[in-house]
Amino acid sequence: MLPQFFESALQLIVRTSTDLPPDVRAAMKTALVSEPSGTRSSQALTIIAENIDLAVNNEGAICQDTGMPTFEVHVPVDANQIWMRQQIREAVKEATRRGKLRPNSVDSITGRNSGDNLGPGTPIIHFDQWERDEIEIKLILKGGGCENTNAQYALPVELPHLGRADRTLDGVRKCILHAVWSAQGKGCAPGAVGVCVGGDRTSGYLHAKEQLFRTLDDINPDPRLAEVEASIMSTVNDLDIGTMGFGGKVTLIGCKIGALNRLPASFFVSVAYDCWAFRRLGVLLDAKTGAINRWLYRDPSHPIIPMLDQSGFTRTGREVTVTAPLTEEAVRSLKVGDVVLLSGRMFTGRDEVHAHLAKHDPPVDLRGSALYHCGPVVVKEGEAWRVTAAGPTTSIREEPYQADVIKRYGVRAVIGKGGMGAKTLAAMKEHGAVYLNAIGGAAQFYAQSIKRVDGVSLLEFGTPEAMWHLTVENFPAIVTMDAHGNSLHKDIERESGVHLEALGV
Ligand code: SF4
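Predicted model, so just to flag it, every value in this text is computed and none were measured. (Residues numbered from 1 in each chain as written. Predicted model: local features only at pLDDT ≥ 70, side-chain atom pairs only at ≥ 80, totals over all residues. Heavy atoms only, no water.)

Student: Go over the overall build of the protein with me, naming the residues and quoting the values.
Tutor: Across its full length, the protein carries 14 helices and 20 strands. Computed over the C-alpha atoms, the radius of gyration of the protein is 22 Å, within 12% of the 23 Å expected from 2.2 N^0.38 for a compact globule of 505 residues. Considered along the principal axes of its C-alpha atoms, the protein spans approximately 70 × 60 × 50 Å. Out of the 505 residues in the protein, the part that is buried amounts to 62%. Of the contacts formed within the protein by residues at least 6 apart in sequence, a portion of 75% connects residues at least 24 apart. Of the side-chain charges in the protein, 53 are positive and 59 negative, and the distance between the mean point of each set is 3 Å. (Helix = DSSP H or I, 4+ residues; strand = E, 2+ residues; numbered from the N terminus. Rg over C-alpha atoms; globule rule 2.2 N^0.38 Å. Buried < 20%, exposed > 50% of the residue type's maximum accessible area, 1.4 Å probe, protein only. Contact = heavy atoms within 4.5 Å. Lys, Arg positive; Asp, Glu negative; His and termini not counted. Charge placed at Lys NZ, Arg CZ, Asp CG, Glu CD.)

Okay, here's the thing in structure tokens:
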């Protein structure tokens, strides 16, 4: 067998989770300098840049959601794929044990987290043979927030703001614009899209995701698709969705399109949306030893250039400092656009916690609390827990529950990303609560604000879904929904809809 294969696979996973590839860094750096300083998007991008630097320096997960590990492996014709699959699974397990991957494999029937990222369907490993005497492994870690914003269209279709999308490349263009517009900030914009024209529903999505293995700066060898890619990239930023959906000049950092043949009756356009935390790397291995001969997408002999050449997130003096538990008065004094520095007690709660609270009393007193939509990476050190990555998750998933949770338990601040809907906004107005938008993916940055883990409830849901009791200090976030019925998300969606209409013509 190949003595170094396991170690090479492990290195690939750790590096992919902690170090963004150079083409993505370059695109994010361009985004950073494109936004006028002092804007919401510029502040968000500064936090993202600081987070990218922290992740590589700490060898910590760039984002706490380390996604669905998806491996594309090419092997020589005589390779033992069964053994390699086993080794890759063992490497995933070890990376999870070391806190480089969050346990993300959940039994879809019982909700039980396997704890090691192994289970039916996870990780995803695709093998292909080739006639080369080396092994290629490519890995992408694509998180749930952006995965949930994927979209598939069956053409012809009538699209809001864009009119009819026909079975033409112009119809394809409209579908891509619609997908990016629908994602708003929920997929942690600025993102990149992989697109497949054609195929069936299954192969279309797969081929769309495969496009994300292309570098952001390559040029499509098919001039017809290259033209659509260029057209999207030259116009999409006019949507003004911006980083995290805060409004701004950069909404997309890449558009990569492939095509598959289709059945005469079907014309699918499948869009795989990836967030700014666009984690993909690859290695070429010696077929005899499994040692890494070469990295793909990065050159280890080139030093990593830090994203920031100045200090990261700095206070302007206009920030509002608040301490939890929060009073109604403090919360009602906040308005959309305020940058808040939150200190005190914070509880995490996401999908399982919200479903639980719909039927049971909370395990802690939530009156005046700050409830953080977050599934952190947490490691046990002796008897104590330490949070190593803790960015926000997409809040809209909790929309069916949030209004009731605010009303019944007196939650005063909901923290997450991407914003929430009309029901939650109405509950915030009626009961006195705000929505604080943290910067999606900034897991290392926010982990720094968490000073202590004071306890945990509902650990039976698994570490990402448990309710963690945290003490935080100066946790920065932006008020995007206030207690007076205002929502930045609603405004940006409406305004970008007008821009979308103009692009559809
Ligand atoms: S950056 Fe955002 S969308 Fe991407 S994996 Fe992290 S939380 Fe999910």
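Student: Tell me about the packing of helix α2 (residues 22–34) against helix α3 (residues 40–58), and please be specific about residues and values.
Tutor: Orientation of α2 relative to α3, taken along the N-to-C sense of each, is 150 degrees, at an axis distance of 9 Å. Between α2 and α3, the angle is such that the two are roughly antiparallel. α3 is crossed by α2, and the crossing has left-handed handedness. Within the contact between the two elements, α2 uses Arg25, Met28, Ala31 and Leu32 and α3 uses Ser42, Leu45, Thr46, Ile48, Ala49, Ile52, Asp53 and Val56. Tallied by class, the residues present in the contact of α2 with α3 amount to 8 nonpolar, 2 polar and 2 charged. (Axes fitted to C-alpha atoms, helices over the stretch in contact; angles between N-to-C directions. Parallel < 35°, antiparallel > 145°, perpendicular 65-115°, else oblique. Left-handed = near helix turned anticlockwise from the far one by under 90°. Nonpolar A, V, L, I, M, F, W, Y, C, P; charged D, E, K, R; others polar.)

Student: So what about the nonpolar core? Which residues, and what values?
Tutor: Counting residues in hydrophobic clusters, the biggest one holds 140 residues, and the most contacted among them are Ile176 and Leu342. The residues touching isoleucine 176, leaving out its near neighbours within four places in the chain, are Val193, Val195, Val228, Ile232, Cys255 and Ile257. If you look at the next biggest cluster of nonpolar residues, it comprises 20 residues, including Leu357, Val405, Ala433 and Met481. (Core = buried A, V, L, I, M, F, W, Y, C linked by side-chain atoms within 4.5 Å.)

Student: Kindly report on the pattern of salt bridges, identifying the contributing residues and their values.
Tutor: Following the criterion strictly, the structure yields 26 salt bridges and no others. Residue lysine 100 pairs with glutamate 59 through a salt bridge whose shortest N-O separation is 3.4 Å. With lysine 100 in the loop between α4 (81–97) and β2 (124–129) and glutamate 59 in the loop between α3 and β1 (68–75), the pair connects residues that are 41 residues apart, well separated along the chain. The class for lysine 100 is buried, based on a relative accessible area of 13%. The class for glutamate 59 is partly exposed, based on a relative accessible area of 41%. (Salt bridge = Lys/Arg side-chain N within 4 Å of Asp/Glu carboxyl O.)

Student: Which residues make up the sheet that holds strand β4 (residues 151–154), and what values go with them?
Tutor: By definition, the strands of a sheet pair up through backbone hydrogen bonds, in either a parallel or an antiparallel sense. Taken in spatial order, the 4 strands make up an open sheet running β4-β9-β7-β8, and their pairing is mixed. The sheet is open, and its two edges are formed by β4 and β8 (252–260), each paired on a single side. If you compare each strand with its neighbour and ignore which way they point, the axes differ by 15 degrees on average. For β4 and strand β9 (residues 268–274), the ladder comprises 4 bridges, and the chain directions are antiparallel. Residue pairing across strands places tyrosine 153 opposite valine 269, the latter belonging to β9. (Pairing = 2+ DSSP bridges.)

Student: Describe helix α12 (residues 422–431), and please don't skip the residues or the numbers.
Tutor: Those residues of α12 that sit buried are Thr424, Leu425, Ala427 and Met428. The arc that holds every buried residue of α12, seen down its axis, measures 160 degrees, which confines them to one face. Set apart from the buried face of α12 by more than 90 degrees, the exposed residues are Ala422 and Glu430. The positive-phi residue at the C-terminal boundary of α12 is glycine 432, with phi of around 85 degrees. (Arc of directions from axis to C-beta.)

Student: Describe the pairing of strand β13 (residues 339–348), naming the residues involved and giving the relevant values.
Tutor: Burial runs high along β13: 9 of the 10 residues are buried. Inspection of the sheet shows strand β12 (residues 320–324) paired to β13 by 5 bridges, in the parallel sense. Bridge assignment links threonine 321 to a residue of β13, and that residue is leucine 341. For β13 and strand β20 (residues 467–481), the ladder comprises 8 bridges, and the chain directions are antiparallel. Residue pairing in the sheet places glycine 344 in a bridge with valine 472 of β20. Sheet topology note: the β13/strand β14 (residues 370–372) ladder contains 3 bridges and is parallel. Residue pairing for β14: phenylalanine 347 is matched across the bridge by leucine 371.

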